[in-house]
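Topology and contacts: notes
The chain contents come next:
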Amino acid sequence: MPEISPETDVRFISGVGPKKAALLGALGIATAGDLLRAYPRTYEDRRNRTTIGALKENEPAAFVGKVLSVSSKPAYYAKGKMTPLHVLVGDDTGAVEAVFFNAKYMHRIFTAGRSFVFFGALQRNRGQLQLVHPDFEAADAVDAGHPIVPVYALKSGLAQKDMRRWHEVALPAADQIEEYLPPRVMDGEKLCGVSEALVNIHFPEDKNALSQAKYRLVFEELLILQTGLLRLRIGRESEHGGRAKMAETTASDFESLLPFPFTGAQKRVCGEVFADMASGSPMNRLVQGDVGSGKTAVAAAAVYKAVKSGYQAVLMAPTEILAGQHFGDLSALFDGKLSVSLFTSGMAAAERREALARLSSGETDFAIGTHALIQPDVKFRDLGLVITDEQHRFGVNQRIALARKGAGGGGAGASSPDVLVMTATPIPRSLSFVVYGDLDISVIDEMPPGRRKVVTKAVGAAKRDDVYGFVGREIEKGGQAYVVAPLIEDNEDSEVTAGLRSAESLYDELTARFPGRRVALLHGRMKQAEKDAVMASFADGGTDVLVSTVVIEVGVNVPNATVMVIENAERFGLAQLHQLRGRVGRGGAQSYCVLVTDSDSEDARARAKTMTETDDGFAIAEMDLAMRGPGELFGVRQHGVPALRIADLARHIRIAEKAKAAAKELLADDPMLVKPANRAFGDHVDSLFRDVTDIGL
Ligand code: ADP
Ligand code: MG
């Protein structure tokens, strides 16, 4: 075989036939280079062997054991399909059973009297502690091998041992890969070279070599990600001509309009927003703040600054009712200072025509509305600031369409307005930089004073009667209640939904239970106008109990609502539960959130515990991330952003921050990455970001 190179097809590696090549292909491995980049899932440290007597449940360990006996009996639970092989293994300290399912051929390997190194964790299986499918290797072979052995992600049909051998064969290809990270990054972070890293990530001599290799590869991945994301942003900025220039004002110029002083966090975030607005390039900032943290006041400060600098501002909210609420609050705040108008889809034609005329003439300083604002006939005279509230509710294109209405009407040469997006969906810091990689982020991490914590309780369905008794007493006291169910209507036919509460059945139940009271129903199958009417009636206090699916509006303020009951709470994710809880506790009265669930799954219990113990949205988001994993949370992959193979955003937050700083520095010095020292890196980033057009932010 000729010398192996990164381009060598895996079929040229001995032992890889067409069948195995197809299996490798399914893992995304077609070449020796791909093998190098298929990093181990974990490692076995064979230097630290233990004994059978010292094995602990659920703790992976390696030990040498001799096969005492082998038996196979058809498993009654597998309907004759599988015949598990039971291998009794012993050493001086005891014996343990290893089980291999559906692996009859292993008879030939495990003959009584042979010794193997086993690696695995004891698991309780039908009451008995066993090693289920432990990794193993003949004891004599191991000592000639490596001290730290890689464990790869496999597909059925591939064996760990074969994978290891193929990786070993591919290793020399690593020497042919030229370093592509810029020298200033290599030096700054004291990174080991790419060839060395690719060898040591698979077969390290010791722990130190492994951790250096890991650091280099994690850093590289995050640096590439950050650089790619930042370049998307630079690309967008240069699409436009100049930018809106804002006057130098401070938060206190505006603060005097407010009926309350800013919290420390609001003041800090205002400072960050104002600095962006006065800087040379357009603001692209995300303000994250838990529900009730006071994001609107910060947005209002930015509006004030933009208008005082001679520009118009626009605020887009996801629903009519939220837009209406913002209009009510902000037109009162700015009364006599600036002219505010509301745009909704329900406006009469003549009214809309007039409002549009005032907007394009510049008579209106500040427009508030729903996506009705992105209609092509909505034109500004000089739009300098675009704010989206609850941005996660908008599609990518809606936000871009609004931002394109920059000064000059959005034509060529128009200047880019400052963009501020607000969200109450707390996104863990570790992830926000991927989801919003090209946005700067501010966090309002402090609540206005005097806010009472929402008392949260988790109860079993047997307590439902008490729960609604409590709801009744809260209503008697003049409060209002939300009741949320996972389904719209009962559906016993489906296995997935059998036994779950539905909004319709709860509505019937509560209407009967509270005869003199006004109970209303809200769900996603209702027409928008109907939903708006129901929500408006609840907001005005015209409804006592609102039974709904999760459609209840984010961001809507009903200070008089004091109870949130969530039925089948196990069906909702942590972040969702926290959002729902945020609907109450917005007034002065003590508020309550009751999670009704009979589930005793570990997951459901962990969520209930988290909810009752913490009200910190960011802590909850981190927990959600840890429980569900990042991919599921945000569908980052949908955007074509390269997958992370080794970096873990939940764990490598600090490295991620360093990588972001390094990427910024690199691009500040060489925006197109064309300097000789950076060119290889630039090409590398380009090749990985080939498929990414715009992640939409
Ligand atoms: P959110 O961040 O969820 O959008 P809002 O902006 O709606 O929160 O604010 C929630 C409530 O807190 C509003 O009634 C608002 O007037 C009030 N608020 C905001 N900032 C302060 C403050 N610094 N002191 C007192 N109350 C405040
Ligand atoms: Mg809000």
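Coordinates for the structure precede this section.
Notes on the structure follow. What you see is a predicted model, and the numbers here were worked out from it, not measured in a lab. (Residues numbered from 1 in each chain as written. Chains lettered and ligands numbered in written order. Predicted model: local features only at pLDDT ≥ 70, side-chain atom pairs only at ≥ 80, totals over all residues. Heavy atoms only, no water.)

Turning next to the overall build of the protein. Looking only at helices and strands, one finds 23 helices and 23 strands in the protein. Within the span of the protein, comprising 697 residues, buried residues form 53% of the whole. Considering only contacts in the protein between residues 6 or more positions apart, those separated by 24 or more positions represent 74%. Carbon and sulfur atoms form 51% of the exposed surface of the protein, whose accessible area is close to 31000 Å². (Helix = DSSP H or I, 4+ residues; strand = E, 2+ residues; numbered from the N terminus. Buried < 20%, exposed > 50% of the residue type's maximum accessible area, 1.4 Å probe, protein only. Contact = heavy atoms within 4.5 Å. Areas by Shrake-Rupley, 256 points an atom, 1.4 Å probe, with all protein chains shown as cover.)

According to the stated counting rule, one finds three cavities of 30 Å³ or more in the structure shown. Approximately 50 Å³ is the volume attributed to the second largest cavity. What lines the second largest cavity is simply Ala569, Glu570, Leu577, Leu595, Thr597, Ala604, Arg607 and Ala608. In terms of residues, the lining of the second largest cavity owes the most to one element, helix H19 (residues 602–613), which gives three residues. Residues that form the lining of the second largest cavity fall into these classes: five nonpolar, one polar and two charged. (1 Å grid on protein atoms, 1.4 Å probe; cavity = no way out; pocket = protein on both sides within 12 Å on 5 of 7 lines; lining within 4 Å. Points joined across faces, edges and corners; volume = space filled by probe spheres on them. Nonpolar A, V, L, I, M, F, W, Y, C, P; charged D, E, K, R; others polar.)

Quick look at the site of ligand 1 now. Near ligand 1 there are 16 residues, and of these Pro261, Gln266, Gly292, Lys295 and Thr296 occur at the shortest range. Between a nitrogen atom of ligand 1 and a main-chain N or O atom of proline 261, the distance comes to 2.9 Å. In the model, an oxygen atom of ligand 1 is placed 3.4 Å from a nitrogen or oxygen of the serine 293 main chain. Protein coverage of the free-state accessible area of ligand 1, which is 570 Å², stands at 78%. A molecule is said to occupy a pocket when more than half its atoms come within 2 Å of that pocket's grid points, and by this definition ligand 1 occupies the second largest pocket. Of the residues contributing to the shell around ligand 1, the split by class is five nonpolar, seven polar and four charged. (Near = heavy atom within 4 Å. Polar contact = N/O pair within 3.5 Å; in protein donor to acceptor, adjacent residues only side chain to side chain. Sits in = over half its atoms within 2 Å of the grid points.)

Below, the discussion takes up helix H9 (residues 264–278). Counted at 1.5 Å a residue, the expected span for H9 with its 15 residues is 21 Å, and the 21 Å between its end C-alpha atoms agrees. Taken together, the buried positions of H9 are Ala265, Gln266, Val269, Cys270, Val273, Phe274, Asp276 and Met277. Taken down its axis, H9 places every buried residue within 165 degrees of arc, on the same side. (Expected span 1.5 Å × (residues − 1). Arc of directions from axis to C-beta.)

In this structure, the second largest pocket encloses a volume near 760 Å³. Taken together, 29 residues line the second largest pocket, and the ones lying closest to its centre are Gly294, Thr296, Ala297, Asp329 and Asn557. Elements supplying a minimum of two residues to the lining of the second largest pocket: helix H10 (295–308) and helix H11 (320–333). Per element, the largest residue contribution to the lining of the second largest pocket is six residues, and it comes from H11. A per-class count over the lining of the second largest pocket returns 13 nonpolar, ten polar and six charged.

Attention now goes to the sheet that holds strand S23 (residues 592–596). Read across the sheet, six strands follow the order S18-S23-S22-S19-S21-S20 without closing on themselves; strand pairing throughout is parallel. Here the strands that pair on one side only, and so sit at the sheet edges, are strand S18 (455–459) and strand S20 (519–522). Across the sheet, the mean angle from the axis of one strand to that of its neighbour is 15 degrees, orientation sign disregarded. As judged from the five bridges shared by S18 and S23, these two strands associate in the parallel manner. Within S23, the residue paired with lysine 457 across the bridge is valine 594. Docked against the sheet, helix H15 (residues 464–476) engages S18, strand S19 (480–484), strand S21 (545–548), strand S22 (561–567) and S23, running at close to 160 degrees with respect to S22. Across the sheet, H19 touches S18 and S23, and the angle it forms with S18 is around 155 degrees. (Pairing = 2+ DSSP bridges. Axes fitted to C-alpha atoms, helices over the stretch in contact; angles between N-to-C directions.)

All chains considered together, the criterion is met by 28 salt bridges. A salt bridge links glutamate 665 to arginine 184; the shortest N-O distance between them is 3.1 Å. You can see glutamate 665 sitting in helix H22 (residues 653–669) and its partner arginine 184 sitting in helix H5 (residues 183–189), a full 481 residues away along the chain. Where salt bridges share partners, they join Arg268, Glu272, Asp276, Arg285 and Asp445 into one cluster. (Salt bridge = Lys/Arg side-chain N within 4 Å of Asp/Glu carboxyl O.)

This next bit is on the nonpolar core. Here is a general trend for soluble globular proteins: nonpolar side chains tend to be buried in one another's company. Counting residues in each nonpolar core, the largest one holds 67 residues, and the members touching the most others are Phe254, Val273, Phe334 and Phe366. In terms of residues, this core owes the most to one element, H10, which gives ten residues. Shared between two domains, this core holds at least three residues of each, these being domain 3 (262–444) and domain 4 (455–614). For phenylalanine 366, the residues in contact, after removing those within four places along its chain, are Val303, Ala313, Val314, Leu315, Leu330, Phe334, Leu338, Ser339, Val340 and Ser341. Of all hydrophobic cores here, the second largest spans 58 residues; its members include Leu24, Ala38, Ala170 and Leu229. (Core = buried A, V, L, I, M, F, W, Y, C linked by side-chain atoms within 4.5 Å. Domains from an automatic or database assignment.)

All right, on to the sheet that holds strand S13 (residues 340–343) then. Across the sheet, which stays open at both edges, the seven strands sit in the order S13-S14-S12-S15-S16-S11-S17 with parallel pairing between neighbours. The open sheet has two edge strands with one neighbour each: S13 and strand S17 (440–444). Put simply, the sheet's adjacent strands are angled 20 degrees from each other on average, direction ignored.

A separate point is the pairing of strand S12 (residues 312–316). Within S12, five of the five residues are buried, which leaves it mostly tucked inside the rest of the structure. Of the two faces of S12, the one carrying Gln312, Val314 and Met316 and the one carrying Ala313 and Leu315 are both buried. In terms of strand pairing, S12 meets strand S15 (residues 383–388) through five bridges, oriented parallel. Residue alanine 313 lies in a different strand from S15, and its bridge partner there is leucine 385. The pairing of S12 with strand S14 (residues 366–369) spans four bridges and is classified as parallel. Within S14, the residue paired with leucine 315 across the bridge is isoleucine 368.

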